[in-house]
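The lines below spell out each chain.
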Amino acid sequence: MHDINLVRDNPQAFDAALKQRNAAPAAAALIACDDARKAAIAKAQALQTTRNETSKKIGQAKGAGDDATAEALMAEVADLKSALQAAEDDERKLKAELEAALSVLPNIALPDVPEGLDEADNLEVRQVGAVAGINNAAQHFEIGEALGQMDFEAAAALSGSRFVVLRHDLARLERALGNFMLDLHTSEFGYTEVNPPVLVRDDAVYGTGQLPKFTEDLFRTENGYWLTPTAEVTLTNLVRAQITDAADLPLRFTAWTPCFRSEAGAAGRDTRGMIRQHQFSKVELVSIVEPDDGEAELERLTACAEEVLKRLGLSYRVMLLCAGDMGFSARKTYDLEVWLPGQNSYREISSCSYCGDFQGRRMNARFRNADAKSTQYVHTLNGSGLAVGRTLVALLENYHQEDGSVLIPEALHPYMGGRTKIEVVK
RNA sequence: GGAGAGGUGGCCGAGUGGUCGAAGGCGCUCCCCUGCUAAGGGAGUAUGCGUUAAUAGCGCAUCGAGGGUUCGAAUCCCUUCCUCUCCGCCA
């Protein structure tokens, strides 16, 4: 959510920033709506002043037992009522209109974010690890099915397409990955482990920006809960509608949760395998910081996610997303793309974003500085650390052996009961 | 799921239609007194919005949230969220 005052301060710059995000100009309409709103406020307040003064006098007259004066005053304000009602309705309506208009506008990019339309314009920041050219490399689902531990048919029978059943060591590998990532982030990077709900109300999903614009991407229960598409929703909303003490910042949360996405716009894409599922698990990182610390925190958070890849010995590159390719709430985003030999390409495995006060304003999440009297909106960041399902995919494709087995990277050995490889199950 | 109670300022806690943004206490800040790691006295101590050069002044709103009744609501009505108690059910 944008601050309407910033729009008023510099409408041209605002529209230019929107254009970068592939959004139409909106400043003029927003300002017109805000002008009307302010006029309605002024009108309503003037009427309220009159009403309050008169009511006070009525109270005094009644207290003094002067009923005649009280009656006269009451007659005086009688017709004020409908005018006030109308002015208040007007104000409410215009406020709702303004909020509705603001709530569907994407966040604007930081100055160092490259311009561009889509992923073709993203900028490679760095590449880590060697990219092995493997001839006829197998895809993860071929490997998993050959291992006898990845079952898409069973999942389809239970739930339909875009689900998977893992068994044996692959099931355990998923659990190992979640535990390994949580342990890393909590013990080495200072994140607080959280176990949040995966069913939430409108407010929470609105706070992080998935609502009201992206309902079609979400699953909803019959009684109105939303299934969280990412723990970003719950972890970020932990500070909603609160004033946090500046001394408590930064707050850093991590959680390993299932994530649910309808993938409405992805028909036909990644239909095979575990790359794109309706349900997948992910370890999420969220930071709540003061404004001045936001950009540095993005580097830190990204580094935390990268460390997972490094410890697993996976090759990857870091992409700085162009303005047109970023998510709705982001001001700047790094995508981590892991090398997948089976696909002979890099695939996104983490997305780390700095959102500025965009979510803070939507959530009404503020902090108070010890020396400053007023409050400010907190700045928020989130990133995957990492998407567990896709990490499992990467391990299969990168550690696949000629005999069909899959080596387990050393960092995971303790989590796999000392096992060093996954072999075919008969 | 059934029955009941309740949500007031940083905290505790008064207040059931009229000078209530809200008594009192605690905490905190500043000042005075005291000269010793105490006590006492005084003042102050919410947030948002509008107006504005202004975090000056003035105004409006806010007693969980949103509506409503009324000239006037923390106080009455409706809706909703949350907390607690008892019963039922249950991992």
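The structure presented is a predicted model; accordingly, all values stated were derived computationally and were not measured.

### Some remarks on the pattern of salt bridges
Side chains carrying opposite charge are able to pair once their charged atoms draw close together.
In step 1: If you walk through the whole model with that rule in mind, you get 21 salt bridges.
In step 2: Asp89 serves as the salt-bridge partner of Arg92, at 3.0 Å between the closest nitrogen and oxygen. On the criterion of helical spacing, the pair formed by Arg92 and Asp89 is a turn pair, its members being three residues apart in helix H5 (residues 80-103).
In step 3: When its relative accessible area of 55% is taken as the criterion, Arg92 is described as exposed.
In step 4: Note that Arg311 and Glu307 form a salt bridge whose closest N and O atoms lie 2.8 Å from each other. With Arg311 and Glu307 both in helix H11 (residues 294-311) and four residues apart, the pair spans about one turn of that helix.
In step 5: Through salt bridges that share partners, Arg8, Asp34, Asp35 and Arg37 make up one connected network.

### A short note on the pairing of strand S9 (residues 279-289)
In step 1: Across the eleven residues that make up S9, a large majority, ten, are buried.
In step 2: Where strand S8 (residues 251-260) meets S9, ten bridges bridge the pair, whose relative direction is antiparallel. When the bridges of S9 are listed, Cys259 appears paired with Phe280.
In step 3: Where S9 lies against strand S15 (residues 379-387), seven bridges are found, and the strand directions are antiparallel. Within S15, the position partnered with Ile288 by the bridge is Thr380.

### Some words on the environment of Met326
In step 1: Among the secondary structure elements, Met326 is positioned in the loop between strand S10 (316-320) and strand S11 (332-340).
In step 2: Distance in space between the C-alpha atoms of Met326 and Ala109 is 8.6 Å, their sequence separation being 217 residues.
In step 3: Residues contacting Met326, with those up to four places away along its chain left out, are Arg21, Ala109, Val113, Leu321, Arg331, Lys332 and Thr333.

Each value, and the rule that gives it
- Residues numbered from 1 in each chain as written.
- Chains lettered and ligands numbered in written order.
- Predicted model: local features only at pLDDT ≥ 70, side-chain atom pairs only at ≥ 80, totals over all residues.
- Heavy atoms only, no water.
- Salt bridge = Lys/Arg side-chain N within 4 Å of Asp/Glu carboxyl O.
- Helix = DSSP H or I, 4+ residues; strand = E, 2+ residues; numbered from the N terminus.
- Buried < 20%, exposed > 50% of the residue type's maximum accessible area, 1.4 Å probe, protein only.
- Pairing = 2+ DSSP bridges.
- Contact = heavy atoms within 4.5 Å.

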